[in-house]
Every structure is written in C-alpha cells, then in structure tokens.
Amino acid sequence: MTESKTHKGSSLYQRRHLLGIEGLTAQEIGYLLDQADKFVTLNRSAKETSDSLKGRTVINLFFENSTRTRTSFEIAAKRMGADVVNMSVATSSVKKGETLLDTAYTLNAMHPSLIVVRHNESGAVSLLSQKVDAGVLNAGDGRHEHPTQALLDALTIRRRLGTLSGLTVALCGDITHSRVARSNILLLNTMGARVRVIAPPTLVSSDMERMGVEIHTDMRQGLKGCDIVMMLRLQMERMQGSFVPSTREYYRFFGLDAEKLSCAKPNALIMHPGPMNRGVEIDSELADDEDRSLIRTQVEMGVAVRMACMEALIENVVLPESGEERFKHG
Ligand code: ASP
C-alpha cells in the first residue's frame, strides 16, 4: 500500500495522505490553498454545492477530545456529499484493549475512502496510514503536526494580506507542546515568511533552533515589526511537572494585551487556533476585536481547507475491488 501505487488524480497534489506539512512543496501548499479559496466562495453561496465525495464514506477517528476540528471535518465532508461516521475513543473498542493497528484493520474492512485521525501519540497517524487502503488525514498527532490547522492559518493570512512571503509571524506561548507551532513553522518557512517564536525558556524545545526560527523570551522585543501575532494555549494536558510559576504570572509576561500588541506593527493581526484561555494567553477584548482579530475567520477557513484537502486526496485513493485482496496487504 505504498503511496506511489495509488496515484491517479490529475491535481497538483499527488498523495493519498496528508500526514504533515513536512515534505510538502510550496507548489503543493499553494495548490491546496487555491482550491480552498474556491470552497470559501462556494460555502458562502446559498445555492452551489459540491459532490466530490458523493457515495464515499469518511470516518472521523478521534482518540483525543476535539470539538472544533472534528465538527469542521464533519461539515466539510458532508458539504461534499460524503457519508460521515464519527468514532471517538470513549465509545470504541480501543478502550477495551484493541491496539491502534487492530483498529486500522477493522476499519479498513469497512471500505472507508478517507479516515481523519487525531491521536495523542506523535507518529500514530502515520503508522495507521500504512495499514489502510483509505486516504488518511492527520487531525493532530501528539505534539508532532496538525497540517490542516497550518493550512487554514495560511489561507486566513493570505486572504487578508494577499501573500505569505516576506511577512514576519510571531508564534507565542507554549511552543514545546504545540503541534500547531510545528506545522505552522514548516509551512511558513516553505512559503517564504519569517517566523519568530516567543516563549518562556521552559516552553521552547531545543529542536526550534534547527527549524530555522528566531527565538525570543521577551515578548515586547519579539513582537517588534511583526505582521501576525499567533497566540497558543498552555497545553496543560501534555505537561508533566510545572512549566510556569502561575497562570497569573504567565499572563503578565506572555499574555497578549493591548500594551504588548503595540510593540508589533501598527496594524498587526491576531490569531489563535483555539480553544482559547481568555485571561491566560490572551486578553478577552482583544480576542473579540473585529479589526485586529482573525480568530473567527480561522474557523471559517477551516471548513474550506478541509474540503480542499479531502477532495485532493480522494482523487488518489483507489480501493481494492475485493475484500480478500485487501487482506493480502496486511
Ligand atoms: N486545537 C489545537 C490542537 O489540537 C490547539 C490546542 O489544542 O491548543 O492542537
């Protein structure tokens, strides 16, 4: 079940899976963003629909909690005519001890065309993708990657500022535990933006230096000259031990408020992937400021990006004709 065997689509995205931004070319990213742009228009029109996934089954397989991402994938698939099945770990046999691979084989036998997977372990989604005939979309694996988040962030920025190239983007907060940060860094670097990370020293991992970003531990310094300020949540669920003295102290030094934002470019825009902790990493009024905050637009772009990704993948998915054949792949 190698990817090369399954190419058949005519689009510029010739892969069966979307596992991460790592390895994607600027051309592939640009193609997905262009396609997503068309879906924004379609989603805003009351009349037009797409039937690219008509008769196809999409399984949303979520081993980690999610509201926004799961709903976004579900709406995206349904807007293109797919039948969608939502499976969450609380109701699945994984709780009864079934392994990830058993789950993969079981789902494979049900002939889904696409499987959207979120898992708390980095690398789990890639492992699953090697065992199924469906196309697999990574909806977040551990602290590794969250590719559709980075694509929707890029679409949001590109639509507002017309380009990604040459912009300075600051990612602020819990960088160490953030898959959103990793995927965004990879994408923004590929598309010619400059990336800064701003965080307390306890929340920037050593691999950041290798990722070609500027590291700042002083927020006011780091925000100087930035076009985009992307705030990230303190990911308490991934922390073992204490990384910040208190959330109050954290807000004082790393929470985005009007005074710190004034250090960035005069019209700098605010983003956040959600869920937001108001008063911890971001001031509540700033988050809702319609002139500066792109947070609600990000949610809208999420559906369009997921439609574009699913449509691109489906062209490259070829399911085997018979059930027997699929088990030869084991
Ligand atoms: N929703 C994003 C994620 O799944 C960010 C977050 O949870 O803070 O990684």
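Computed from a predicted model, the values in this text were never measured in an experiment.

Each helix and strand counted, the protein chain has 13 helices and 9 strands in total. Taken over the C-alpha trace, the protein chain has a radius of gyration of 20 Å; the compact-globule value for 330 residues is 20 Å, and the two agree within 12%. Seen along its three principal axes, the alpha-carbon backbone of the protein chain occupies a region of about 65 × 45 × 35 Å. Looking at the protein chain residue by residue over its 330 residues, the buried ones come to 54%. The contacts in the protein chain between residues at least 6 apart in sequence include a share of 74% that link residues at least 24 apart.

Right, let's get into the site of the ligand. Surrounding the ligand, one finds Arg118, His146, Arg179, Val180, Arg233, Gln235, Gly274 and Pro275. The separation between an oxygen atom of the ligand and a polar side-chain atom of Arg118 is 3.1 Å. Take Arg233: an N or O atom from its side chain is 2.7 Å from an oxygen atom of the ligand. When the ligand is considered free in solution it has 260 Å² of accessible area, and contact with the protein chains removes 91% of it. Here the residues of the shell around the ligand are counted per class, giving 2 nonpolar, 3 polar and 3 charged.

Once that is clear, we can look at the confidence of the model for the protein chain. Residue-level pLDDT values for the protein chain average 91, and 92% of them are 70 or greater. Here residues 1–6 is a poorly scored stretch, pLDDT under 50, and it has 13 contacts once near neighbours within four places are set aside; other chains count. In this model, residues 326–330 is a region of pLDDT below 50 whose contacts with residues beyond four sequence positions or in other chains number 12 contacts.

Here we take up the environment of Val229. Note on placement: Val229 falls in strand β8 (residues 228–231). Accessibility expressed as a relative area gives 0% for Val229, which makes it buried. Setting aside its immediate chain neighbours within four residues, Val229 contacts Ala170, Cys172, Leu223, Leu256, Leu261, Ala264, Ala268, Leu269, Ile270 and Met271.

This part is about the sheet that holds strand β3 (residues 114–119). With respect to topology, 4 strands assemble into an open sheet ordered β2-β1-β3-β4, the strand pairing being parallel. Each edge of the sheet is formed by a strand with only one pairing partner; in this case those strands are β2 (83–88) and β4 (135–141). Taking each pair of neighbouring strands and ignoring which way they run, the sheet shows an average axis angle of 15°. Pairing geometry for β3 and β4, over 5 bridges, is parallel. If you follow Val116 over to β4, its bridge partner there is Leu137. The strands touched by helix α12 (residues 295–314) within the sheet are β1 (57–62), β3 and β4, with β4 carrying the most contacts at an inclination of about 145°.

Here we take up the packing of helix α1 (residues 26–44) against helix α5 (residues 147–161). Contact pair α1 / α5: the axes reach a minimum separation of 10 Å and the direction vectors enclose 75°. Relative to α5, the element α1 is oriented roughly perpendicular. Between α1 and α5, the contacting residues are Ile29, Gly30, Leu32, Leu33, Asp34, Ala36, Asp37, Val40 and Arg44 on the first element and Leu151, Ala154, Leu155, Arg158 and Arg159 on the second. Along the lines of polarity and charge, the residues of the contact of α1 with α5 split into 8 nonpolar, 1 polar and 5 charged.

Here the residue pair Gly274 and Pro275 is connected by a cis peptide bond, since its omega of -5° sits within 30 degrees of zero. Take Pro275: it is sitting in the loop between β9 (269–271) and α11 (284–287). One non-glycine residue, His111, adopts positive backbone phi at about 60°. For His111, the location among the structural elements is in the loop between α3 (100–108) and β3.

Rules used in this analysis
Residues numbered from 1 in each chain as written. Predicted model: local features only at pLDDT ≥ 70, side-chain atom pairs only at ≥ 80, totals over all residues. Heavy atoms only, no water. Helix = DSSP H or I, 4+ residues; strand = E, 2+ residues; numbered from the N terminus. Rg over C-alpha atoms; globule rule 2.2 N^0.38 Å. Buried < 20%, exposed > 50% of the residue type's maximum accessible area, 1.4 Å probe, protein only. Contact = heavy atoms within 4.5 Å. Near = heavy atom within 4 Å. Polar contact = N/O pair within 3.5 Å; in protein donor to acceptor, adjacent residues only side chain to side chain. Areas by Shrake-Rupley, 256 points an atom, 1.4 Å probe, with all protein chains shown as cover. Nonpolar A, V, L, I, M, F, W, Y, C, P; charged D, E, K, R; others polar. pLDDT = per-residue confidence, 0-100. Pairing = 2+ DSSP bridges. Axes fitted to C-alpha atoms, helices over the stretch in contact; angles between N-to-C directions. Parallel < 35°, antiparallel > 145°, perpendicular 65-115°, else oblique.

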